[in-house]
Amino acid sequence: MSYEAELAATREFFAARAATWDSKYPDDSPRYAAAIAELGPAEGAFVLDAGCGTGRALPLLRAAVGPTGRVLGVDVTPEMVARAQAHAIVAAVALADCAHLPLPDGTVDLVFAAGLVNHLPDPGLGLTELARVSRPTGRLALFHPIGRAVLAARHGRELTPDDRRAEPNLRPLLAANGWRLVSYTDTDDRFLAVAERAR
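Here's what I pulled together on the structure shown here.

Parameters at a glance
All residue numbers here refer to positions counted from 1 along the written sequence of the relevant chain. At least 70 in pLDDT is required for a residue's local features to be given in this predicted model, at least 80 for side-chain atom pairs to be given and counted, and no such filter applies to totals for whole chains, interfaces and linings, which use all residues. The side-chain quantities take in all heavy atoms of the structure and omit both hydrogens and water. In this description a helix means any DSSP run of H or I spanning at least four residues, a strand means any run of E spanning at least two, and both kinds are numbered starting from the N terminus. In this description the radius of gyration comes from C-alpha coordinates, and the expected globular size is given by 2.2 Å times residues to the power 0.38. Only protein chains enter the calculation, and the probe is 1.4 Å; a residue is then buried if its accessible area is under 20% of its type maximum, exposed if over 50%, and partly exposed in between. The protein chains shown are the only cover counted for residues, whose accessible areas, like all others here, come from Shrake-Rupley with a 1.4 Å probe. Positive charge is attributed to Lys and Arg, negative charge to Asp and Glu, and no charge count is given to His or to the chain ends. Taken as the charge location is NZ of Lys, CZ of Arg, CG of Asp or CD of Glu. By nonpolar core we mean a set of buried residues, namely Ala, Val, Leu, Ile, Met, Phe, Trp, Tyr and Cys, connected to one another through side-chain atoms within 4.5 Å. In this analysis, two residues are considered to be in contact whenever any of their non-hydrogen atoms come within 4.5 Å of each other. A pair of strands is labelled paired if DSSP reports no fewer than 2 bridges between them. Interaxial angle, 0 to 180 degrees, is taken between N-to-C directions of lines fitted to C-alpha atoms, where a helix line uses only the stretch in contact. For crossovers, right-handed means that the path from the first strand over the helix to the second runs clockwise, given strands pointing away from the viewer. Any angle that falls under 35 degrees is termed roughly parallel, while one over 145 is termed roughly antiparallel, one within 65 to 115 roughly perpendicular, and all others oblique. Two helices crossing with the near one rotated counterclockwise from the far one by less than a right angle form a left-handed crossing, whereas a clockwise rotation gives a right-handed crossing. Amino acids outside the nonpolar list (Ala, Val, Leu, Ile, Met, Phe, Trp, Tyr, Cys, Pro) and the charged list (Asp, Glu, Lys, Arg) are all regarded as polar, and Gly is one of them.

Considering the overall build of the chain
For the chain, the count of helices and strands is 8 helices and 7 strands. Since a compact globule built from 199 residues should have a radius of gyration of about 16 Å, the 16 Å found for the chain is in line with a globular shape. Out of the 199 residues in the chain, the part that is buried amounts to 49%. A total of about 9,300 Å² of accessible surface is found on the chain, and carbon and sulfur atoms cover 55% of it. Within the chain, the 24 negative side-chain charges are centred at a point lying 3 Å from the centre of the 21 positive side-chain charges.

Structure below.
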């Protein structure tokens, strides 16, 4: 499938679910809060919520970076961006493809990416672009409020060796596209892989 076709399929999938997304997963917010607290973005930092969806992380990220920080949420699905606009008082929100971001080089301190990596049509291209916009000291947090096994079971499938988020696959994928994996957690109640910009 071409890049454009995969992007269109992603938009179609999330467009149909945008209106009920937050009510379908109401218990996720404390896990988002815990992950962001653990990441501890500095006050005044610039945080990019890549694939922000309905924007549930945006208020948490704003609280973490304080009034002098910057928070930008981007998503490729217009219906998700429309929902995320409810958080416009605490963060800027834009319709954008994570492989083609409207940002200059080296400006982002932390990329927070919840559920993103499996929905990138070309993960290498997306990760490289996230590296491009990150500072040399920048970090990338790949997050999901449940672990890989629980997510697979929720969708009625089993984990397979080619899962992008499996550590043996994720580590070289990150390394080939500007990142160095520094921590990896995959438990039933969360997935969090943190990487630093490769120097």
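Topic: the nonpolar core
Residues Leu48, Ala50, Leu130, Leu140, Leu142, Leu174 and Trp179 are the most contacted members of the largest nonpolar core, which totals 28 residues. Within the residue set of this core, elements represented by two or more residues are strand S1 (46-50), strand S2 (70-75), strand S4 (108-114), helix H6 (123-133), strand S5 (134-144), helix H8 (167-175), strand S6 (179-187) and strand S7 (190-197). Ignoring any residue separated from it by four or fewer positions in sequence, one finds Leu142 in contact with Ala113, Leu170, Leu174, Phe191, Leu192 and Ala193. Formed by 23 residues, the second largest nonpolar core is a distinct cluster that contains Ile36, Ala84, Leu110 and Val194.

Here we look at the sheet that holds S6
The strand order S3-S2-S1-S4-S5-S7-S6 describes an open sheet built from 7 strands, whose pairing is mixed. Strand pairing shows two members of the sheet lacking a second neighbour, strand S3 (92-95) and S6, which therefore form its edges. Taken over all neighbouring pairs, the strand axes of this sheet differ in orientation by 15° on average, direction set aside. With 4 bridges joining them, S2 and S3 adopt parallel strand pairing. Opposite Asp75, over in S3, you have Leu95 as the bridge partner.

So, the pairing of S1
Where a strand is regular, its side chains alternate between the two sheet faces. With 5 of 5 residues buried, S1 lies mostly within the body of the structure. Of the two faces of S1, the one carrying Phe46, Leu48 and Ala50 and the one carrying Val47 and Asp49 are both buried. With 5 bridges joining them, S1 and S2 adopt parallel strand pairing. Note that in S2 the partner of Asp49 across the bridge is Gly73. In this view, the connection linking S1 to its parallel neighbour S2 by way of helix H4 (residues 58-65) has right-handed handedness. The pairing of S1 with S4 spans 3 bridges and is parallel. The residue bridging Val47 from the neighbouring strand is Leu110, located in S4.

Things to note about the packing of helix H3 (residues 29-39) against H4
At a minimum axis separation of 10 Å, H3 and H4 run at an interaxial angle of 30°. One finds that H3 runs roughly parallel with respect to H4. In the packing of H3 onto H4, the handedness of the crossing is right-handed. Contacts between H3 and H4 involve Ser29, Tyr32, Ala33 and Ile36 on the former and, on the latter, Leu60, Leu61 and Ala64. Its residues placed into classes, the contact of H3 with H4 shows 6 nonpolar, 1 polar and no charged.

Focus: the side chain of Arg148
Within the element layout of this structure, Arg148 appears in helix H7 (residues 148-154). Classification of Arg148 by relative accessible area gives buried; the value is 13%. Beyond its immediate stretch of four places on either side in the chain, Arg148 contacts Leu159, Asp163, Arg165, Ala166, Tyr184, Asp186 and Phe191.

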